[in-house]
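# Coordinate inspection notes
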Amino acid sequence: MSKITVRQAIQKGLTEALDADPNVFIMGEDIGDYGGAYAITSGFLEKYGPERIKDTPISEAAFIGAGIGSAAAGLKPIIELMSISFSLVAFDQIVNMAANIRYMSGGQINVPMVIRAPTGAGMQLGATHSQSFETWLCEVPGLKVVAPSNPFDALGLIRSSIKDSNPVIYAESAGLYGLKGDVDDKYYEVEIGKADIRTVGDDITLVSYGHGMPMLEKVAEELGSRGVSSEVIDLRSLSPMDYETVNKSVQKTGRALLLDTSRKTGGVMAELAASVQESSGDYLDGPLLRVGSEDVPWPYNRKLEQHAMSSVPKILKQIEIGYSL
Amino acid sequence: MEKKEYLDLYKKMYLIRRFEESCGENYSKGFIRGFLHLYIGEEAIAAGSISTLREDDYIVTHYRDHGHAIARGLETGPLMAELFGKKTGVSGGKGGSMHLFDASKNFMGGHAIVGAQIPLAAGFALASQYKKKDSITVVYFGDGATNQGTFHETMNLASIWKLPILFFLENNFYGMGTSVEKIRTNGKSFGNLAENYGMPSTVVDGMDVLAVKETTEEAIKKIRAGSGPVFIEATTFRYQGHSMADPAKYRTNEELDEWKEKDPLVNFHKHLIDQGLATESDIEKVSKSADNELDEAVKFATESPEPDLDDIKNDIYA
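Notes on the structure follow. (Residues numbered from 1 in each chain as written. Chains lettered and ligands numbered in written order. Predicted model: local features only at pLDDT ≥ 70, side-chain atom pairs only at ≥ 80, totals over all residues. Heavy atoms only, no water.)

Another aspect to go through is the overall build of chain A. Along chain A, the regular secondary structure elements total twelve helices and 14 strands. Radius of gyration (C-alpha) of chain A: 20 Å, near the 20 Å computed for a compact globule of 325 residues. In terms of its C-alpha atoms, chain A occupies a principal-axis envelope of roughly 60 × 45 × 40 Å. For chain A, the proportion of its 325 residues judged to be buried stands at 62%. Long-range pairs, those at least 24 residues apart, make up 81% of the contacts in chain A between residues at least 6 apart in sequence. Just so you have it, chain A exposes about 12200 Å², and 51% of that area is on carbon and sulfur atoms. (Helix = DSSP H or I, 4+ residues; strand = E, 2+ residues; numbered from the N terminus. Rg over C-alpha atoms; globule rule 2.2 N^0.38 Å. Buried < 20%, exposed > 50% of the residue type's maximum accessible area, 1.4 Å probe, protein only. Contact = heavy atoms within 4.5 Å. Areas by Shrake-Rupley, 256 points an atom, 1.4 Å probe, with all protein chains shown as cover.)

Each partner contributes to the interface: chain B provides 39 residues, whereas chain A provides 46 residues. For the pair chain B and chain A, the number of links is one salt bridge. Measuring nitrogen to oxygen at the nearest pair gives 3.2 Å for the salt bridge that ties Lys-132 of chain B to Glu-51 of chain A. The interface formed by chain B and chain A includes 20 residue pairs in polar contact (both at pLDDT 80 or more). For the side of chain B that touches chain A, the elements supplying multiple residues, two or more each, are β2 (107-111), α5 (117-130) and α6 (149-161) of chain B. (Salt bridge = Lys/Arg side-chain N within 4 Å of Asp/Glu carboxyl O. Polar contact = N/O pair within 3.5 Å; in protein donor to acceptor, adjacent residues only side chain to side chain.)

The next point concerns the packing of aromatic side chains. In total, this model carries 18 aromatic pairs over all chains according to the counting rule given. Ring geometry for Tyr-38 of chain A and Tyr-177 of chain A: centres 5.1 Å apart, planes at 40°, overall tilted. Residue Tyr-38 of chain A is found in the loop between β2 (24-28) and α2 (44-48), and its partner Tyr-177 of chain A is found in the loop between β7 (168-173) and β8 (180-183); the two are separated by 139 residues along the sequence. Look at Tyr-38 of chain A and you get partly exposed, because its relative accessible area is 23%. Geometrically, the ring pair formed by Tyr-174 of chain B and Tyr-250 of chain B is tilted, given 5.3 Å between the ring centres and 45° between the ring planes. (Phe/Tyr/Trp six-rings, centres within 6.5 Å; stacked < 30°, edge-to-face > 60°.)

Residues and elements named next belong to chain B. A cluster of like negative charges, contributed by Glu-254, Asp-257, Glu-258 and Glu-261, occupies part of the molecular surface. When you line up the elements, Glu-254 lands in helix α10 (residues 253-260). Judged by its relative accessible area of 54%, Glu-254 falls in the exposed class. (Patch = residues over 30% accessible without salt bridge, like charges linked within 9 Å, V, L, I, M, F, W, Y side chains within 5 Å. Lys, Arg positive; Asp, Glu negative; His and termini not counted. Charge placed at Lys NZ, Arg CZ, Asp CG, Glu CD.)

For the rest of this paragraph, the subject is the packing of helix α4 (residues 76-83) of chain B against helix α12 (residues 280-303) of chain B. All names here are of chain B. Closest axis-to-axis distance for the α4/α12 pair is 8 Å, and the angle between their directions is 45°. Relative to α12, α4 is oriented oblique. Regarding α4 and α12, the two cross each other, and that crossing is right-handed. Where α4 abuts α12, its residues Thr-76, Gly-77, Pro-78, Met-80 and Ala-81 lie against Glu-293, Leu-294, Ala-297, Val-298, Phe-300 and Ala-301. Split by residue class, the contact of α4 with α12 holds eight nonpolar, two polar and one charged. (Axes fitted to C-alpha atoms, helices over the stretch in contact; angles between N-to-C directions. Parallel < 35°, antiparallel > 145°, perpendicular 65-115°, else oblique. Left-handed = near helix turned anticlockwise from the far one by under 90°. Nonpolar A, V, L, I, M, F, W, Y, C, P; charged D, E, K, R; others polar.)

Residue and element names in this part refer to chain A. Within the open sheet, the five strands sit side by side as β9-β11-β10-β13-β14. Their pairing is mixed. Both outer strands of the open sheet, β9 (196-199) and β14 (289-293), are each paired with one neighbouring strand and no more. With strand direction ignored, the average angle separating the axes of adjacent strands in the sheet is 25°. Note: strand β10 (residues 204-208) against strand β11 (residues 230-234), five bridges, orientation parallel. If you follow Val-207 over to β11, its bridge partner there is Ile-233. With respect to the sheet, helix α8 (residues 213-225) is in contact with β9, β10, β11 and β13 (256-263), its orientation differing from that of β10 by roughly 160°. Helix α12 (residues 312-323) contacts β10, β13 and β14 of the sheet and is inclined by roughly 155° relative to β14. (Pairing = 2+ DSSP bridges.)

Take the pairing of strand β4 (residues 165-171) of chain B next. Side-chain positions along a regular strand alternate between the two faces of the sheet. Residues and elements named next belong to chain B. In terms of residue burial, β4 counts as a mostly covered element, since seven of its seven residues are buried. Neither face of β4 is open: one carries Ile-165, Phe-167, Leu-169 and Asn-171, the other Leu-166, Phe-168 and Glu-170, and all of them are buried. Here strand β3 (residues 137-142) runs beside β4; their pairing, made up of six bridges, is parallel. Residue pairing for β4: Tyr-140 is matched across the bridge by Phe-168. Two strands pair when backbone bridges link them, and β4 and strand β8 (residues 230-235) are joined in this way by six bridges, in the parallel orientation.

Residues and elements named next belong to chain B. Taking 1.5 Å of rise per residue, 24 residues should cover 34 Å, and α12 covers 34 Å from first to last C-alpha, within 8% of that figure. Residues Asp-282, Ile-283, Val-286, Ser-287, Ala-290, Leu-294, Ala-297, Val-298 and Ala-301 constitute the buried set of α12. On the buried face of α12, the contacting elements are α1 (3-28), α4 and α11 (264-274). (Expected span 1.5 Å × (residues − 1).)

Counted according to the given criterion, the structure contains 31 salt bridges over all chains. The partner of Lys-163 of chain A in a salt bridge is Glu-189 of chain A, with the nearest N and O atoms 2.9 Å apart. Residue Lys-163 of chain A is found in helix α7 (residues 151-163), and its partner Glu-189 of chain A is found in the loop between β8 and β9; the two are separated by 26 residues along the sequence. Taking relative accessible area as the criterion, Lys-163 of chain A reaches 58% and is therefore assigned exposed. Note that Lys-87 of chain B is salt-bridged to Asp-308 of chain B, the shortest N-O span being 3.5 Å. Separated by 221 residues along the polypeptide, Lys-87 of chain B in the loop between α4 and β2 and Asp-308 of chain B in the segment after α12 bring together distant segments of the chain. Take Lys-87 of chain B: its relative accessible area is 36%, and that puts it in the partly exposed class. Residue classification places Asp-308 of chain B among the partly exposed positions, given a relative accessible area of 46%. Through salt bridges that share partners, Asp-196, Arg-198, Glu-217 and Asp-234 of chain A make up one connected network.

Below, the structure written as structure tokens:
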């Protein structure tokens, strides 16, 4: 076991891949000389050279499109977006090319590519830099979407994402880069599509991903002090989503709260809620609960931004209203 | 050039035209649905330029893609079957007219969002460069695509990275129904777009198959030598509307007739005879062979099975 940060876990996964496979290269804005907007690729240029650590112009559509073509030609591009909000200017390439090209070619073309992108609000970056578009990308067949919440999963998922033969969106919670945690020294991967039961419990199922997880840990702690036992689940993978693990848990506990850190409308928990209702509706002892951020453009002002975000008090309040716990 | 090469060029152009005419007929009969964009009038571009490529070179094109596919040597049977939506189609019946693929021939589509294929193509070129191979990529696009951000972004990217890519503009003077005059302040020619990115460019008569071939050969020689991207603009005209749904009311018959005077097939036929490069009987022979091939292609498409319902979820993930 080693204690490292989420940032170090991602760095470890990337350097392993660069060391192991000459076809792996990294491309993005300011990843070379600058070292990455969030310092993930700091020192990479010196170690691997400009052919494998490619600084790009500010042309997201062009370099993501080029990534797709290079992947289709047998390379393994890992692309860094400075923010998942910037995926918008490359959305056509991500959706119509990366995701659709395999299907519309009758399975002839694979796109083994990873797009890493920081996501989420909470740093007073305003409406254009705080969004969580991993939710939109989950709607697109052909893409996989993962979102780790801790160093162990960050390392396990970057390994499996790089190994995958499909385009994988690796959504990094921008507020969690400095979070420390244990990782195994022995090589492991985290399977894409498998949720993790973080805490086993009997009375209520709590589900989230990414930076929702630290909130759920606090909620579980508070509920514990009231004698309520929580089963805490980290989805880890948003597409494909592990409906089975969540439904099994809800069928055991009879209660569930699903937490989105994105805006509530159209968040991934809306889809999960529908699945829980369909598959486990008869087991529920009360309403299925869902908390998400306010349906507003993200405000800059700290007080307003915090007010818009999902929070521990909001979650506890919902649980009190829904289940009187 | 040997006689056979001339006749091959003629046959490609002839086959493309007959294929497109057959598509039109089969669309009217309801065997082909969706959007169908015909390449009639533009045959010299695909036939001339693609004849200069090596097997390991990549081709990426737009939705008016039948001509490029045939020029690349994709078989007309599976091509027609794709248009008929059949399981035996080049894309398994899942792509249709606008999304033709054959990865085994490095024919990487058939792309239907205007300009979106341009960054993708840069990726194939990047892979050649990365692997230190001297294969190149040709990307085709129309005049309409030159106002997309992806075009400009990729011209810049290819230029700064010296990617081995040929930007091939098929200027048919109309982006769907909008004339070039309406979308450009800078005259009809597009060469200055390349200048802005420090890229050599040439304008070629896209109705003259030999001129297209020669111009492409020169460009590819430079690219293969590692000097970076080149831009070719070929002027041409599509005889039909933008798609089968378009009666082309935005242009005059006189304009169309003027272009038909320069018809690539008619004029190349005349050139072959006048220059003693082939005889009428040679030309009749290759034409007949193309006619037969096309009859077989339509038969193959007609008789092929549709995809199984189970196929709906195949090919999404590797």
